[in-house]
Amino acid sequence: MNCYFDTHCHLDFKEFDEGRGALITKWKALGVKKFVVPATSYSALAGLEELADKYEGVYIGAGIHPFFVNEESLRDVDRLGAYLQCSPSVDLVALGEMGLDKFCGVDYELQKEVLSKQLRYAKVFNLPVILHCRKGYSDLLRLLDFHDVRSGVVHGFTGSYEIACEFMKRGFLIGLGGAVTWGNASKVRNMVSRLGIDSIVFETDSPDMSPEWLKGQCNTPESVIHVGKYVAELLGIEESTVAMKVYRNSCDLFGLETD
Ligand SMILES: [Zn+2]
């Protein structure tokens, strides 16, 4: 059976409250062996630690998502720094999600400040970052350069091949999920065709970013398998080859054994 790694899913969200444990068991039985659940706020962290303690194969990220940036966020990043200093969970494998979003209505200058401060910690603690970005790629690249952060993933990437290359040059991987299957996403498919599988990881962003065939419904980590099959077909490569390489990319990114 092929092994898959959902590198970005919000299993702490209420959509999964009912039967979370049974669902995780089911996804594992289907081949999704590992999951990274990124935090969206500082206050979400305690719940994520519990989740990772309880379920094997579930790892976490700590960070503040641009959607949830507010007046308290700069202080929250300080709290995050103190947490990293003293008592990070053994299942913490990244910082994020963090980033820039020009559509979310949150003060953009404040978003940049909060991101910048988080990137500084990523450098200090030598952790990969999980990046969220909509329409702020040049600012994001500039901040990554400024802080000399060279490891992580640009999650849910739907930019051009050229922008993907800018991230790859800096040591980043490209996170691919449901968007590659969307009817109107020929730009994304074109990018994937040119990128190949060396620098990609799979993700679902569950419960969001459903693939074309689940549009409007709750997305789950199971979709990562279908995204793998879809990409294999798109590139004309055996699914097993795609799955194995992308699984390795994901484990390497987060410093985990492939087992
Ligand atoms: Zn997310």
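Scroll up to find the structure this text is about.
Residues numbered from 1 in each chain as written. Predicted model: local features only at pLDDT ≥ 70, side-chain atom pairs only at ≥ 80, totals over all residues. Heavy atoms only, no water.

Caption draft 1: Layout of the coordination of the zinc ion. Donor atoms from the polypeptide that coordinate the zinc ion comprise His-8 (NE2), His-10 (NE2), Glu-97 (OE) and Asp-205 (OD), at 2.1 to 2.5 Å from the metal. With four donor atoms in place around the zinc ion and angles of 83 to 171° between them, the coordination shape is irregular. (Donors = N, O, S within 2.8 Å, 3.2 Å for Na, K, Ca; no water. Tetrahedral: all angles 85-135°; square planar, octahedral: opposite > 155°, others 65-115°.)

Caption draft 2: Structural context of the side chain of Lys-34. Here Lys-34 lies in strand E2 (residues 32-38). At 3.4 Å, the side chain of Lys-34 and the backbone oxygen of Glu-257 are in polar contact. Beyond its immediate sequence surroundings of up to four residues, Lys-34 is in contact with Tyr-4, Phe-5, Asp-6, Gly-57, Tyr-59, Tyr-247, Cys-251, Leu-256, Glu-257, Thr-258 and Asp-259. (Helix = DSSP H or I, 4+ residues; strand = E, 2+ residues; numbered from the N terminus. Polar contact = N/O pair within 3.5 Å; in protein donor to acceptor, adjacent residues only side chain to side chain. Contact = heavy atoms within 4.5 Å.)

Caption draft 3: View of the nonpolar core. Core analysis: the biggest nonpolar cluster contains 69 residues, and Phe-167 and Phe-202 have the highest contact counts within it. Examining the composition of this core, we find that six residues originate from one element, helix H4 (residues 108-125), more than from any other. The residues contacting Phe-167, other than those within four sequence positions of it, are Leu-131, Tyr-137, Leu-140, Leu-141, Leu-144, Val-154, Phe-157, Phe-172 and Ile-174. Counting 14 residues, the second-largest nonpolar core is a separate cluster that includes Val-36, Ala-94, Ile-130 and Leu-173. (Core = buried A, V, L, I, M, F, W, Y, C linked by side-chain atoms within 4.5 Å. Buried < 20%, exposed > 50% of the residue type's maximum accessible area, 1.4 Å probe, protein only.)

Caption draft 4: Examining the side chain of Asp-91 more closely. Looking at where Asp-91 falls in the secondary structure, it is placed in the loop between helix H3 (73-86) and strand E4 (92-101). For the buried residue Asp-91, which engages in no salt bridge, the nearest side chain bearing the opposite charge is Lys-34, 10 Å off. Excluding its chain neighbours within four sequence positions, the residues that come into contact with Asp-91 are Ala-52, Asp-53, Val-58, Tyr-59 and Ile-60. (Lys, Arg positive; Asp, Glu negative; His and termini not counted. Salt bridge = Lys/Arg side-chain N within 4 Å of Asp/Glu carboxyl O.)

Caption draft 5: Spotlight on the sheet that holds strand E8 (residues 200-202). Strands sit in the order E1-E2-E3-E4-E5-E6-E7-E8 across an open sheet of eight strands; the sheet is parallel. Of all strands in the sheet, those bounded by a partner on one side alone are strand E1 (4-6) and E8. Adjacent strand axes in the sheet meet at a mean angle of 30° when their direction is disregarded. Pairing of strand E3 (residues 58-62) with E4, which is carried by three bridges, proceeds in the parallel orientation. Within E4, the residue paired with Ile-60 across the bridge is Leu-92. The sheet strands contacting helix H7 (residues 186-195) are strand E7 (172-176) and E8, and the helix crosses E7 at an angle near 135°. Across the sheet, helix H8 (residues 223-235) touches E1, E2, E7 and E8, and the angle it forms with E1 is around 120°. (Pairing = 2+ DSSP bridges. Axes fitted to C-alpha atoms, helices over the stretch in contact; angles between N-to-C directions.)

Caption draft 6: Structural context of the layout of surface pockets. Of the voids in this model, the largest pocket is the one considered here, and its volume is about 570 Å³. Lining the largest pocket are 23 residues; nearest its centre among them are His-132, Cys-133, Arg-134, Gly-156 and Met-209. A total of three residues in the lining of the largest pocket trace back to one element, the largest contributor, which is strand E5 (residues 129-134). (1 Å grid on protein atoms, 1.4 Å probe; cavity = no way out; pocket = protein on both sides within 12 Å on 5 of 7 lines; lining within 4 Å. Points joined across faces, edges and corners; volume = space filled by probe spheres on them.)

Caption draft 7: The arrangement of the pattern of salt bridges in detail. Counted under the stated rule, the structure contains 20 salt bridges. We note a salt bridge from Glu-239 to Lys-229, for which the minimum N-O separation is 3.2 Å. Of this pair, Glu-239 sits in helix H9 (residues 239-254) while Lys-229 is found in helix H8, placing the two residues 10 residues apart along the sequence.

Caption draft 8: Spotlight on the packing of aromatic side chains. Scanning all chains against the criterion turns up 11 aromatic pairs. With centroids separated by 6.4 Å and ring planes inclined at 45°, the aromatic side chains of Phe-67 and Phe-68 adopt a geometry described as tilted. Under the relative-accessibility criterion, Phe-67 is labelled partly exposed at 38%. Among the residues examined, Phe-68 registers a relative accessible area of 43% and is labelled partly exposed. For the pair Phe-157 and Phe-167, a centre-to-centre distance of 6.3 Å together with 75° between the ring planes defines the contact as edge-to-face. One end of the pair, Phe-157, is in the loop between strand E6 (152-154) and helix H6 (161-169); the other, Phe-167, is in helix H6, with 10 residues separating them in the sequence. Taking relative accessible area as the criterion, Phe-157 reaches 2% and is therefore assigned buried. (Phe/Tyr/Trp six-rings, centres within 6.5 Å; stacked < 30°, edge-to-face > 60°.)

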